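Residue-level structural notes
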Amino acid sequence: MSKQEKDSDGFQIVSSKRSAKNKQTKVPYKASHFIKEENEINVEKSYQRVLSAVKDLEGSQFYNDVLKAVSTFLNERNISEIVCFGLGHVGECNISRYQLAFLLCLKDSFKPLKVLVHDPIFYIGECELLKRLGLIVIEENNEGSYVISNTNITVVYLPHCPKQLTNNFLWSNWDIRLENCILLCNSFTSLLENHPSRMLSEMVPYIYKLSKYLDEVILDNSFQYKDIFNDTSIHYIKKGELSKVDSNFWNKPEKPKYDDMEEFITTEMIEKLNI
């Protein structure tokens, strides 16, 4: 097994198949929690709570580590957009609130042209809250199939999201443009170590195929609340790495389909719930 390396700023960098401390991946909600009823939230109260969470985060060692790692990869390039899927109920859940605060910290630090968010379980009041915070709410459930820029840097934030969502995102951008993407999500290394290769290659083939070309910065879970950013890593591809792959590598069939995956909320599920 290869020895773990550190970059020039002291961050631990691993390829997806190198060893890392096993961590349990948490899924904050399941499809069964998606209900027809529209819960009301106190938008003003939620707004103030989010701002308080931002203050907690912006001066933390955890966020400083993220800033340093992302800035090192950017190397003076700019982030044009940040896309976030799967925040959950930001008006009710403390974990979701801090994950939203993290997104707002990124927005403030890197000043992208736009920040987009989507979760099929957002309440109307939560959408109002997000818009008040300067975020663009994606209305349609595209199941992670968002196409990023060919040339500009995009940060994709998937806080404790199902691996199927990440796989769909990779499928929708399955070409050289992935070198312009920074993925903030559950550790690919942990995923590879905790699941059989055959299962991953069949269920989430785009994660599995891309993993060998990714560098991963494993973030120290140093934030005061340990269940918010656990198992979170920064993943990126070095410029020129994907130009080495065989042309067949980019072949892709139709959009992936998943059977009996209750953790992953699909459009079909929502349509059935609204019959």
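Residues numbered from 1 in each chain as written. Predicted model: local features only at pLDDT ≥ 70, side-chain atom pairs only at ≥ 80, totals over all residues. Heavy atoms only, no water.

For clarity, the cut-off: UniProt positions are given in the numbering used here, feature names are shortened, and annotations may be inferred rather than shown by experiment.
As named in an unreviewed UniProt entry, the protein chain is SRR1-like protein, taken from Papilio xuthus. The UniProt entry for the protein chain carries the following comment under Sequence similarities (unreviewed entry): "Belongs to the SRR1 family."

**Some points on the nonpolar core**
Counted only if it meets this: For our purposes a nonpolar core is just a set of buried Ala, Val, Leu, Ile, Met, Phe, Trp, Tyr and Cys residues, chained together by side-chain atoms within 4.5 Å. When accessible area is computed with a 1.4 Å probe and restricted to protein chains, residues below 20% of their type maximum are described as buried, those above 50% as exposed, and intermediate ones as partly exposed. Numbering of helices and strands runs from the N terminus; a helix is a DSSP stretch of H or I covering at least four residues, while a strand is a stretch of E covering at least two. Note on definitions: a residue-residue contact is assigned when non-hydrogen atoms from the two residues lie within 4.5 Å.
Counting residues in each nonpolar core, the largest one holds 50 residues, and the members touching the most others are Leu57, Leu87, Leu100, Phe102, Leu103, Val117 and Ile234. With nine residues, the single largest contributor to this core is helix H3 (residues 94–110). Among residues more than four places away in sequence, those in contact with leucine 100 are Val50, Leu87, Val90, Leu130, Leu133 and Leu135. Listed in part, the 32 residues of the second largest apolar core include Phe169, Phe188, Leu191 and Ile237.

**A look at helix H4 (residues 124–132)**
Within the sequence span of H4, burial applies to Gly125, Glu126, Cys127, Leu129 and Leu130. Of the surrounding secondary structure, the elements contacted by the buried residues of H4 are helix H1 (43–58), H3, strand S4 (114–118) and strand S5 (136–137). Immediately beyond the C-terminal end of H4, within one or two residues, lies glycine 134, with a positive phi of roughly 85°.

**Looking at the packing of H1 against H3**
Counted only if it meets this: Every axis corresponds to a line fitted to the C-alpha atoms, with the helix fit spanning only the stretch in contact, and the corresponding angles, defined between N-to-C directions, vary from 0 to 180 degrees. Comment on the angle field: the value is read as roughly parallel under 35 degrees, roughly antiparallel over 145, roughly perpendicular from 65 to 115, and oblique elsewhere. Handedness of a helix crossing follows the sense of rotation of the near helix relative to the far helix, less than a right angle counterclockwise being left-handed and clockwise being right-handed. Following the grouping adopted for this structure description, the nonpolar residues are Ala, Val, Leu, Ile, Met, Phe, Trp, Tyr, Cys and Pro, the charged ones are Asp, Glu, Lys and Arg, and the polar ones are all others, Gly among them.
Packing of H1 against H3 brings their axes to within 8 Å, and their N-to-C directions diverge by 65°. One way to sum up the angle between H1 and H3 is to call them roughly perpendicular. H1 and H3 meet at a crossing whose hand is right-handed. Packed against H1, whose contacting residues are Arg49, Val50, Ala53, Val54, Asp56, Leu57 and Glu58, the element H3 presents Arg97, Tyr98, Leu100, Ala101, Phe102, Leu104 and Cys105 at the interface. Here the contact of H1 with H3 is composed, by residue class, of 10 nonpolar, no polar and four charged.

**Some remarks on the packing of H1 against H4**
Contact geometry for H1 and H4: axes closest at 10 Å, N-to-C directions at 50°. One finds that H1 runs oblique with respect to H4. Note on packing geometry: the crossing formed by H1 with H4 is right-handed. Across the interface between the two elements, Val43, Glu44, Ser46, Tyr47 and Val50 of H1 pack against Gly125, Glu128, Leu129 and Arg132 of H4. Here the contact of H1 with H4 is built from residues that sort into four nonpolar, two polar and three charged.

**Focus on the packing of aromatic side chains**
Operational definition: Two aromatic rings from Phe, Tyr or Trp, using only the six-membered ring of Trp, form a pair when their centres are within 6.5 Å; if the ring planes differ by under 30 degrees the pair is stacked, by over 60 it is edge-to-face, and anything between is tilted.
All told, the structure shown has 15 aromatic pairs when counted by the stated rule. Centre to centre, the rings of tyrosine 213 and phenylalanine 249 are 5.4 Å apart; their planes meet at 80°, and the pair counts as edge-to-face. Here tyrosine 213 is found in the loop between helix H8 (205–210) and strand S8 (215–218), whereas its partner phenylalanine 249 is found in the loop between strand S9 (232–236) and helix H9 (267–273), with 36 residues between them in sequence. Aromatic side chains phenylalanine 223 and phenylalanine 229 sit 5.7 Å apart centroid to centroid with 70° between the ring planes, which places their arrangement in the edge-to-face category. In this pair, the class of phenylalanine 223 matches that of phenylalanine 229, namely buried. Put simply, the rings of Phe62, Tyr63, Tyr98, Phe102, Tyr157, Phe223, Tyr225 and Phe229 touch in pairs and so form one group of aromatic residues.

**Description of the pairing of S8**
To keep things clear, this is the line we draw: One requirement defines pairing of two strands: DSSP has to find at least two bridges between them.
Neither face of S8 is open: one carries Asp215 and Val217, the other Glu216 and Ile218, and all of them are buried. Of the pairings in the sheet, the one linking S8 to S9 comprises four bridges and is antiparallel in character. Within S9, the position partnered with glutamate 216 by the bridge is histidine 235.

**Re H1**
Our working rule: Each residue after the first adds 1.5 Å to the expected span of a helix. In this description, one arc is meant: the one made by directions from the helix axis to the C-beta atoms.
The end-to-end C-alpha distance of H1, which contains 16 residues, comes to 22 Å, matching closely the 22 Å that a straight helix rising 1.5 Å per residue would cover. Taken together, the buried positions of H1 are occupied by Val43, Ser46, Tyr47, Val50, Ala53, Val54 and Leu57. Summarising the axial view, the buried residues of H1 lie within an arc of 125°, below the 170-degree limit, and thus occupy one face. Its buried side turned inward, H1 meets helix H2 (61–74), H3 and H4.

**Some details on the confidence of the model for the protein chain**
As a reminder, the rule being used: Residue-level confidence of the predictor is what pLDDT reports, using numbers from 0 through 100.
Summary statistics for the protein chain give a mean pLDDT of 85 and a share of 81% for residues scoring 70 or more. Across residues 7–12, confidence stays below pLDDT 50; counting only partners more than four residues off in sequence or on other chains, it has 16 contacts. Every residue in residues 267–275 scores below 50 in pLDDT, and together they form 16 contacts with partners more than four places removed in sequence or on other chains.

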